[in-house]
Amino acid sequence: MEKDFIIAGFGGQGVLLAGEVLANGFMLDDKKVTWYPSYGAEMRGGTVNCSIVMADEEVSAVQKSHADFIIVLNQASFDRFTPVVRSGGTIIVNTTLAEPVKTRSDINYVFAPITQIAEEKLGNNKISNILALGVLSAASGLISLDTLEKALYNVIPPHRKSLIPKNIEALKLGYEYDLLKV
């Protein structure tokens, strides 16, 4: 089994960190993984995305023309990456910063006010990226919260370890988001 993921947003939303956590989690689950970042020269505020490929065997290629699961954290990313979702795939849309519009009938949509939940429930919208991973865990069934929690400990640098408990809360909030609301 091989699955392709994209996480996209603007610089400063923690897109690359979320991708690293996801990739590390898959490695903890003994999967073969690639993680490929892509960002504009301006970085903060510019377009940022990363591709993660997870497989049981060798990964066939780093960058794919389509992905099975895509997280988009803003409108520009929704507009750019909706056409890239593989037929039958899933797009997770942060409706705080993107319109909840179904533009295709052959894909699954998960609409969640990710940034709003992070701000209201955690008091910090900078944890939206990790909250989105919790939503992905629930929607995909491909990685557990326990594994993502362990990955946080591996990826978050030593000078930021005090932020791990809040990130774990964000994972759980995302996972517990009622996917049936959409």
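Residues numbered from 1 in each chain as written. Predicted model: local features only at pLDDT ≥ 70, side-chain atom pairs only at ≥ 80, totals over all residues. Heavy atoms only, no water.

Draft legend 1. A look at the side chain of N94. Within the secondary structure, N94 sits in strand β5 (residues 85-94). With near-sequence residues (within four places) excluded, N94 lies in contact with V72, L73, A112, P113, I114 and T115. (Helix = DSSP H or I, 4+ residues; strand = E, 2+ residues; numbered from the N terminus. Contact = heavy atoms within 4.5 Å.)

Draft legend 2. Representation of the pairing of strand β4 (residues 67-72). For β4, the tally of buried residues reaches six of six residues, placing the bulk of the element in the interior. Here four bridges tie strand β1 (residues 2-10) to β4, and the two strands are oriented parallel to one another. From the neighbouring strand, A8 faces β4, where its bridge partner is V72. In this structure, β4 lies alongside β5, joined through five bridges in parallel fashion. Bridge pairing in β5 links A67 to V85. Regarding topology, helix α2 (residues 75-81) serves as the crossover connection from β4 to the parallel β5, and that connection is right-handed. (Buried < 20%, exposed > 50% of the residue type's maximum accessible area, 1.4 Å probe, protein only. Pairing = 2+ DSSP bridges. Right-handed = clockwise from strand over helix to strand, strands pointing away.)

Draft legend 3. Structural context of the sheet that holds strand β2 (residues 32-39). Read from one edge to the other, the open sheet built from six strands follows the order β2-β3-β1-β4-β5-β6, with strand pairing classed as mixed. Of all the strands in the sheet, just β2 and β6 (108-112) have a single pairing partner and so form its edges. On average, adjacent strands in this sheet sit at an angle of 15 degrees to one another, irrespective of strand direction. Each of β1, β4, β5 and β6 touches helix α4 (residues 128-140); the most contacted strand, β4, lies at about 150 degrees to it. (Axes fitted to C-alpha atoms, helices over the stretch in contact; angles between N-to-C directions.)

Draft legend 4. Fine view of the environment of L148. Residue placement: L148 occurs in helix α5 (residues 145-155). Separated by 57 residues in sequence, L148 and I91 place their C-alpha atoms 19 Å apart. Residues in contact with L148, not counting those within four places in the same chain, are V21, L22, L133, S137, I143 and L171.

Draft legend 5. Layout of the nonpolar core. Judged by nonpolar contacts, the single largest core of 41 residues is most densely connected at I7, L22 and L133. In terms of residue count, helix α1 (residues 15-28) provides more of this core than any other element does, seven residues in total. Discounting residues that sit within four places of it in the chain, L133 has contacts with I7, A18, V21, L22, I71, L148 and L171. If you look at the next biggest cluster of nonpolar residues, it comprises 15 residues, including V72, V84, V85 and I91. (Core = buried A, V, L, I, M, F, W, Y, C linked by side-chain atoms within 4.5 Å.)

Draft legend 6. Highlighting the environment of S105. Tracing the backbone through its elements, the reader meets S105 in the loop between β5 and β6. Under the relative-accessibility criterion, S105 is labelled exposed at 80%. Sequence separation between S105 and E120 is 15 residues; the distance between their C-alpha atoms is 32 Å.

Draft legend 7. Fine view of the packing of aromatic side chains. Taken as a whole, this structure holds three aromatic pairs when the rule is applied. On the basis of an interplanar angle of 15 degrees and a centroid distance of 5.5 Å, the ring pair of F5 and F69 is categorised as stacked. Linking F5 in strand β1 with F69 in strand β4, this pair joins segments that are 64 residues apart in sequence. Judged by its relative accessible area of 3%, F5 is buried. Classification of F69 by relative accessible area gives buried; the value is 11%. Taken together, a centroid distance of 5.4 Å and an interplanar angle of 20 degrees make the contact between Y109 and F111 stacked. Taken individually, Y109 and F111 each receive the classification buried, so the pair is uniform in this respect. (Phe/Tyr/Trp six-rings, centres within 6.5 Å; stacked < 30°, edge-to-face > 60°.)

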